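Take a look at the letters that make up each chain.
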Amino acid sequence: MEVNRGSEWSKWDLHVHSPYTYLNGYQCSDNDFIAKLKEKNISVIGLTNYFKFTDEEYILKEKLEKEGITVFLNLELRLSYTNNNNDCCDFHVIFDNKLTKEDIQRFLSNLNINLSGTQIKAIDIDSSGMKRANVELDELMNRLNEKSLKIH
């Protein structure tokens, strides 16, 4: 017998910075972070960081998924061009939640970013460069569409 339950609603937040986020102003334990999400009945999050992810975020992703929260890693990038107010534009890449750490690391190892006039790979940026780094939109789109990186 088929059961038709009608529409189901769930609470998503695809822009949640973890306690491990570079340029973050808050700290809490993984357990407190998870408890807060569960308290707010959030069932899906975009775990967000700038330019790359920490090892702790991959571990946090696993912990969240064990608690029944679906996690998409959300890469926040500052684009090289600015808007009419001379503000940088941010671009978010939300990765398929089935991609492995290795898949995402391979992408980050191939993404060129500009750090004060020097090209480096996103995987190599450190926290001191986060405020100065940016990426060309064409470079980002080329890497996202690169079949050999296997992120599709």
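The preceding data block contains the structure.
My aim in this report is to walk through the structure given alongside it, one point at a time. Nothing here was measured: the structure is a model prediction, and the numbers come from that model.

Topic: the overall build of the protein chain
Secondary structure assignment for the protein chain yields 4 helices and 7 strands. Going from the N terminus to the C terminus, the protein chain shows its helices and strands as β-α-β-α-β-β-α-β-β-β-α. With respect to the principal axes defined by its C-alpha atoms, the protein chain has extents near 60 × 35 × 35 Å. Here the protein chain holds 152 residues, and 41% of them are scored as buried. In the protein chain, the share of contacts with a sequence separation of at least 24, taken over all contacts with a separation of at least 6, comes to 63%. When the accessible surface of the protein chain is totalled, it reaches about 9,100 Å², and 46% of it is carbon and sulfur. If the 19 positive side-chain charges of the protein chain are averaged to one point and the 24 negative ones to another, these points end up 2 Å apart.

Topic: helix α4 (residues 137-144)
Among all positions of α4, only E139, L140, R143 and L144 are buried. On an axial view of α4, the arc spanned by its buried residues comes to 130°, and they lie on one face.

Examining the sheet that holds strand β7 (residues 133-134)
In space, the 3 strands of this open sheet follow the order β6-β5-β7, with antiparallel pairing throughout. A strand with exactly one partner marks an edge of an open sheet, and here the two such strands are β6 (118-121) and β7. Direction of pairing for strand β5 (residues 112-115) relative to β7: antiparallel, over a ladder of 2 bridges. In the sheet register, N114 faces β7, and the bridge partner there is N134.

A closer look at the pattern of salt bridges
Per the counting criterion, the structure on display carries 8 salt bridges. The partner of E65 in a salt bridge is K61, and the shortest N-O contact between them spans 2.7 Å. Taken as a pair, E65 and K61 lie in helix α2 (residues 55-66) at a separation of 4 residues, close to a single helical turn. For E65, a relative accessible area of 32% gives the class partly exposed. Here E139 and R143 are joined by a salt bridge, their closest N and O atoms 2.7 Å apart. Of the two residues, E139 and R143 are both situated in helix α4; the distance of 4 residues between them amounts to about one turn of the helix. R143 shares its class with E139; the two are buried. Bridged by salt links that share partners, the residues E139, R143 and E146 form one connected network.

Calculation rules
Residues numbered from 1 in each chain as written. Predicted model: local features only at pLDDT ≥ 70, side-chain atom pairs only at ≥ 80, totals over all residues. Heavy atoms only, no water. Helix = DSSP H or I, 4+ residues; strand = E, 2+ residues; numbered from the N terminus. Buried < 20%, exposed > 50% of the residue type's maximum accessible area, 1.4 Å probe, protein only. Contact = heavy atoms within 4.5 Å. Areas by Shrake-Rupley, 256 points an atom, 1.4 Å probe, with all protein chains shown as cover. Lys, Arg positive; Asp, Glu negative; His and termini not counted. Charge placed at Lys NZ, Arg CZ, Asp CG, Glu CD. Arc of directions from axis to C-beta. Pairing = 2+ DSSP bridges. Salt bridge = Lys/Arg side-chain N within 4 Å of Asp/Glu carboxyl O.

From the geometry alone we can't say anything about function, so treat these as descriptive.
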